[in-house]
Amino acid sequence: SPAINFPEPQRHWVSEQVLVEDYIGDGARPISDYLEDDSVNGLKERRALAGTFVRSALKMVFTDNFVHSDLHPGNVFVREEKTKRNE
């Protein structure tokens, strides 16, 4: 299953009003980019991403006892990892 990464808070920039986290955008695309592709391959990618996302969300809530309060397509990024299959 694909790896799930969460940005780390930058402790020296965090206060009660401000949260600053790692920038994970290097090579990552917002999941909203994948929601626009209705091609056969796009639908296949969406199905794979949906499974990963649902499993991650369920783990986050029921195992980690955490709720992300600002979960929207602009806050979920996908980084495609190079493997021998897709190089």
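The notes below deal with the structure included here. Owing to the predicted nature of the structure, the values given are computational and were not obtained by experimental measurement. (Residues numbered from 1 in each chain as written. Predicted model: local features only at pLDDT ≥ 70, side-chain atom pairs only at ≥ 80, totals over all residues. Heavy atoms only, no water.)

1. Regarding the packing of aromatic side chains
Applying the stated rule across the entire model yields zero aromatic pairs. Against the face of Tyr34 rests Arg29, its NZ or CZ located 4.3 Å from the ring centre. (Phe/Tyr/Trp six-rings, centres within 6.5 Å; stacked < 30°, edge-to-face > 60°. Lys NZ or Arg CZ within 6 Å of the ring centre and 35° of its normal.)

2. Quick look at the environment of Ser32
By the secondary structure assignment, Ser32 is in helix H1 (residues 31-35). Relative accessible area serves as the criterion here: at 24%, Ser32 is assigned to the partly exposed category. Sequence separation between Ser32 and Val78 is 46 residues; the distance between their C-alpha atoms is 9.6 Å. (Helix = DSSP H or I, 4+ residues; strand = E, 2+ residues; numbered from the N terminus. Buried < 20%, exposed > 50% of the residue type's maximum accessible area, 1.4 Å probe, protein only.)

3. Overview of the nonpolar core
Counting residues in each nonpolar core, the largest one holds five residues, listed as Ile31, Tyr34, Leu49, Val76 and Val78. Residues contacting Val78, with those up to four places away along its chain left out, are Gly27, Ala28, Arg29, Ile31, Tyr34 and Leu49. (Core = buried A, V, L, I, M, F, W, Y, C linked by side-chain atoms within 4.5 Å. Contact = heavy atoms within 4.5 Å.)

4. Section: unusual backbone geometry
In this model, Asn65 sits at a positive phi of 55°, which is unusual for a non-glycine residue. Along the polypeptide, Asn65 turns up in the loop between helix H2 (40-62) and strand E2 (77-79).

Without other data, these values stay purely geometric and don't point to any function.
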